[in-house]
Each structure stands twice: as structure tokens, then as C-alpha cells.
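Survey of secondary and tertiary structure
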Amino acid sequence: MNILAPPRARLQIEVVFDLVCPWCYLGTHRLRRTLRARPDLAADIVWRPFLLNPDIAPGGLARQDYLMRKFGGEERARRLHATITELGRAEGLRFAFDRIRRIPPSLDAHRLVRLAERQGLAEAAVEAVFGAYFLEGLDIGDLDVLAAIAGTIGMDAQATRQALAGPQEAEAVHADNLRAHRLGINGVPCFVVQGRHAIAGAQEPEVLERLLDVALVEG
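A brief structural summary. None of the values given here were measured: they were computed from a predicted structure. (Residues numbered from 1 in each chain as written. Predicted model: local features only at pLDDT ≥ 70, side-chain atom pairs only at ≥ 80, totals over all residues. Heavy atoms only, no water.)

Notes on the overall build of the chain
Counting its regular elements, the chain contains 9 helices and 6 strands. Its C-alpha atoms give the chain a radius of gyration of 18 Å, near enough to 17 Å, the size a compact globule of 219 residues would have. Across its three principal directions, the C-alpha atoms of the chain cover 55 × 40 × 35 Å. Across the chain, every contact between residues at least 6 apart in sequence was considered, and the portion connecting residues at least 24 apart equals 75%. Only carbon and sulfur atoms are counted for the fraction: they give 51% of the accessible area of the chain, which is about 11,200 Å². Taking the average location of the 27 positive side-chain charges in the chain and that of its 28 negative ones, the two points are 2 Å from each other. (Helix = DSSP H or I, 4+ residues; strand = E, 2+ residues; numbered from the N terminus. Rg over C-alpha atoms; globule rule 2.2 N^0.38 Å. Contact = heavy atoms within 4.5 Å. Areas by Shrake-Rupley, 256 points an atom, 1.4 Å probe, with all protein chains shown as cover. Lys, Arg positive; Asp, Glu negative; His and termini not counted. Charge placed at Lys NZ, Arg CZ, Asp CG, Glu CD.)

Remarks on helix α9 (residues 205–218)
Look at α9: 20 Å from first C-alpha to last across 14 residues, which is about the 20 Å you get at 1.5 Å a residue. Residues P205, L208, L211, L212 and A215 constitute the buried set of α9. Buried residues along α9 cover an arc of 120° about the axis, so they all sit on one side. In α9, the exposed residues that point more than 90 degrees away from the buried face are R210 and V217. Looking at the buried positions of α9, the neighbouring elements they touch are β1 (9–17), α1 (22–36), β2 (41–49), β5 (190–193) and β6 (197–200). G219, located one to two residues past α9, shows a positive phi value of around 80°. (Expected span 1.5 Å × (residues − 1). Buried < 20%, exposed > 50% of the residue type's maximum accessible area, 1.4 Å probe, protein only. Arc of directions from axis to C-beta.)

Focus: the sheet that holds β5
With respect to topology, 4 strands assemble into an open sheet ordered β2-β1-β5-β6, the strand pairing being mixed. Looking at strand neighbours, the two that pair on one side only are β2 and β6, the edges of this open sheet. Shown here is a sheet whose adjacent strand axes are inclined to one another by a mean of 20°, direction ignored. Here β1 pairs with β5 via 4 bridges, running antiparallel. Each bridged residue has a counterpart across the sheet, and for V15 the counterpart in β5 is F191. Across the face of the sheet, helix α8 (residues 170–182) comes into contact with β1 and β2 while running at roughly 105° to β2. Each of β1, β2, β5 and β6 is contacted by α9, which is oriented at about 170° to β6, the strand it contacts most. (Pairing = 2+ DSSP bridges. Axes fitted to C-alpha atoms, helices over the stretch in contact; angles between N-to-C directions.)

Side note on the pairing of β1
Where β1 lies against β2, 9 bridges are found, and the strand directions are parallel. The residue of β2 that forms the bridge with A9 is L41. Traced from β1 through α1 to β2, the parallel crossover comes out right-handed. (Right-handed = clockwise from strand over helix to strand, strands pointing away.)

See below:
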């Protein structure tokens, strides 16, 4: 440690996101890349859940039915996925949309992140859930899948499965989702720095860096 180095400026960054949103996966990777390039900053990241599909049934929705409902068919979705896949490669992400068979509700996945947060493992949980869904096509609406993911990041898989079987953190997830809507956030990802500087979308690191600099100057 260099005791002569200036202290790092500390910023709070709220990441409003959904775990079934590919742009959120891309955007969070770009945020990490931005922060790695700024050793002068210390970021406190707060993960804020957003429910893109709050009306999906607990068992999820068949992918084809979902694509028809959201995009009007597979062709439009295929073009969008091709764009995201190409952008993901630059971040080292190998999106595998063809492996996804059902679109799950994301409430329980967000609950897992909040349980992980108690152990200082929120960021690891976010990364693991994103990877399980978008790279492996696993059903992140399944409690057994989520418990197994918890085990891979150092949590107790059995205890996590038991916690997810109950209502723990569900109310908090819904409250954060409602808060986001009340703040006027209707698309994710959205990055809120110091509670007042916000930008939506999977922005390039250069754009995110400018946002951080504005927050440093204006507070």
C-alpha cells in the first residue's frame, strides 16, 4: 500500500437491473470495465431489482410464446439477439440465447441476490445468475437451480434453498421495483450515481466514465 497515494474518491452506484435482461448483463460488465480503469475511485455498488415481466406465472413462459408476445415473433428477436451477441463478445460474454427454453419470472433470482448481499456476495451472485441464464440457458426461476448457483459462490446451498422456499426478501424486491417506477425508471439497466446522476442503457465505458466524473465534481 502506498501511503503517499491520494485517498480514493468514494461513489455510491445504484444499479437498477433485471436478471433476465441481456442489456443488463452487458451493461454491468461495461460498468466493471469502467471501474477497473479508474483506480482513483472506490465504488459502493447497490443492486436494485427491477421486474421486467412481473406478470409471468411462477413456472415461466415458453420462449416461443414469450417472443411472440414481446417482439411479435422470432425474426425480430433473432435480429436483436444477434446484435447483443456481437456486443457481448467484446466483453468476453458468449450469449447463448438458443439454450433458453423458458422465460422465468425473476423474483426469486433477485431474492437470491439479496440473501447473498447479507454475506457480502451480492456481486458474485449477480454474475453467477446472469451466467447461468444467458450462457448456459439454465432456468433461474427454479429454486433448485438457484440453490446450486448459491453453492458455487460460497453460500450454503441447502440453507439457501430453504430460505427461498419461504417469503424472505420478496417484499423488499417488490418495494425496490415500485421505487424504481416511482423514480421514473421504465427501462434497465439504469445507473444512479450518488443518488442524483442517472443514465439508462448498456452504455459504453467512456459514457459511464463521464457520468462518474460529473458526480465527482457535483457530488
